[in-house]
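A closer look at the structure
Chain by chain, the residues run as shown.
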Amino acid sequence: MKKVKLDIVGLSYSQTQSGAYALVLGEVNGRRRLPIVIGAFEAQAIAIEIEKMTPTRPLTHDLFKSLANAFEIKINEVLIYNLVDGVFYAKLICTNDQQTIEIDARTSDAIAIAVRFNAAIYTYEFILASAGILIEGNDFLFLENIEGVNKDSDTQTITNPTSDFGYQSYSLEELKQKLEEALAEEAYEKAAKIRDEINKRNAGK
C-alpha cells in the first residue's frame, strides 16, 4: 500500500470535546489534512517537545526516549496504519543493530515519541482518502464524512456532531462567512463541521 508522509501542522483545543485537543497532520507537499482528537496529556507532551521546553522532571515520553537511547534502539518512523470506527491505529517502527521491530501504540503517544526522535510520520493513502480533509484555495471539503463516535481516554477519534454547535439556525450566507473565519483561524475541526452543514443544505435543494 502507498504510504504518505505527514507533518504536524496544528494543535489546538478541541471544539467538540471538553478537555481534548485537535492534532492536525498535513500531507507533505499536498493539501490534505488529517485531524485527530487526542488527550490533554498527550497534547502537552507534543507541544513541549515542539517548543523545545524542558520539564522539571521527565515526562513518560521522555522516559521512553531515555530508555530507548540507553539500549541503542532507534525509532525510524511512525505509521498510522488503520482507521476503525473513527479510531486511528499506529505503530512505531524501531531498529537496533540486529532487527526491525514494530510496536503497537496509541496514535497520540506514537507522535509524541516521533517528535522526540525526529522520526518521520506516515499513513496509508486509503486513510487520507477516507478521513482526510482537502483544502483547495479557500475551499475546505471532507473527503468522506465520518460518523461521530464517543471517545474514551485510550482512543483517538474524529467526531462530527454538527448539532452541538447549533449551525442549523444560521443562514447559508452566515455559514459561509463563519467558514471563512474558521479557515482564517486555522480552526480545522470547526470549519469541517460548518462545511458539513453547508453540504447538507446544498444536497437538500
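Residues numbered from 1 in each chain as written. Predicted model: local features only at pLDDT ≥ 70, side-chain atom pairs only at ≥ 80, totals over all residues. Heavy atoms only, no water.

- An unreviewed UniProt entry annotates the protein chain as Bifunctional nuclease family protein of Pedobacter montanisoli.

1. Here's the deal with the side chain of Asp-62
- Note on placement: Asp-62 falls in helix 2 (residues 60-70).
- Classification of Asp-62 by relative accessible area gives buried; the value is 16%.
- Setting aside its immediate chain neighbours within four residues, Asp-62 contacts Glu-49, Pro-55 and Arg-116. (Helix = DSSP H or I, 4+ residues; strand = E, 2+ residues; numbered from the N terminus. Buried < 20%, exposed > 50% of the residue type's maximum accessible area, 1.4 Å probe, protein only. Contact = heavy atoms within 4.5 Å.)

2. Digging into unusual backbone geometry
- Despite not being glycine, Asn-29 shows a phi value in the positive range, around 60 degrees.
- Secondary-structure assignment places Asn-29 in the loop between strand 2 (20-27) and strand 3 (32-39).
- A positive phi angle is found at Asp-85, which is not glycine, with a value near 55 degrees.
- With respect to the helices and strands, the residue Asp-85 is situated in the loop between strand 4 (74-84) and strand 5 (87-95).
- Judged by its relative accessible area of 64%, Asp-85 is exposed.

3. Some words on the packing of helix 2 against helix 3 (residues 107-117)
- Where helix 2 meets helix 3, the axes come as close as 10 Å, and the angle between the chain directions of the two elements is 55 degrees. In this view, helix 2 runs oblique relative to helix 3, as classed from their interaxial angle. Pair helix 2 / helix 3 crosses with right-handed handedness. Touching His-61, Asp-62, Phe-64, Lys-65, Ala-68 and Asn-69 of helix 2 are Asp-109, Ala-112, Ile-113, Arg-116 and Phe-117, all from helix 3.
- When grouped by side-chain class, the residues that make up the contact of helix 2 with helix 3 number five nonpolar, two polar and four charged. (Axes fitted to C-alpha atoms, helices over the stretch in contact; angles between N-to-C directions. Parallel < 35°, antiparallel > 145°, perpendicular 65-115°, else oblique. Left-handed = near helix turned anticlockwise from the far one by under 90°. Nonpolar A, V, L, I, M, F, W, Y, C, P; charged D, E, K, R; others polar.)

4. Here we look at the environment of Leu-175
- Within the secondary structure layout, Leu-175 lies in helix 5 (residues 172-184).
- What makes Leu-175 buried here is its relative accessible area of 0%.
- For the pair Leu-175 and Glu-197, spaced 22 residues apart in sequence, the C-alpha to C-alpha distance is 8.2 Å.

5. Focus: the side chain of His-61
- Along the chain, His-61 falls in helix 2.
- With a relative accessible area of 4%, His-61 lands in the buried category.
- Every residue in contact with His-61, bar those within four places of it in the chain, is listed here: Phe-41, Ala-45, Asp-109, Ala-112, Ile-113 and Arg-116.

6. A short note on helix 2
- For helix 2, the complete set of buried residues consists of His-61, Asp-62 and Ala-68. Viewed along the axis of helix 2, the buried residues span an arc of 125 degrees, placing them on a single side of the element. In helix 2, the exposed positions angled more than 90 degrees off the buried face are occupied by Thr-60, Leu-63, Leu-67 and Ala-70.
- Along its buried surface, helix 2 packs onto helix 1 (40-50) and helix 3. (Arc of directions from axis to C-beta.)

7. A word on the packing of aromatic side chains
- Tallied over the full model, the rule gives three aromatic pairs.
- Between the aromatic rings of Phe-64 and Phe-117, the centroid separation amounts to 6.5 Å while the plane-to-plane angle is 80 degrees, which identifies the pairing as edge-to-face. Placement of Phe-64 in helix 2 and of Phe-117 in helix 3 is noted, with a sequence separation of 53 residues between them.
- For Phe-64, a relative accessible area of 28% gives the class partly exposed.
- Taken together, a centroid distance of 6.2 Å and an interplanar angle of 20 degrees make the contact between Tyr-124 and Phe-126 stacked.
- Residue classification places Tyr-124 among the buried residues on the basis of a relative accessible area of 14%. (Phe/Tyr/Trp six-rings, centres within 6.5 Å; stacked < 30°, edge-to-face > 60°.)

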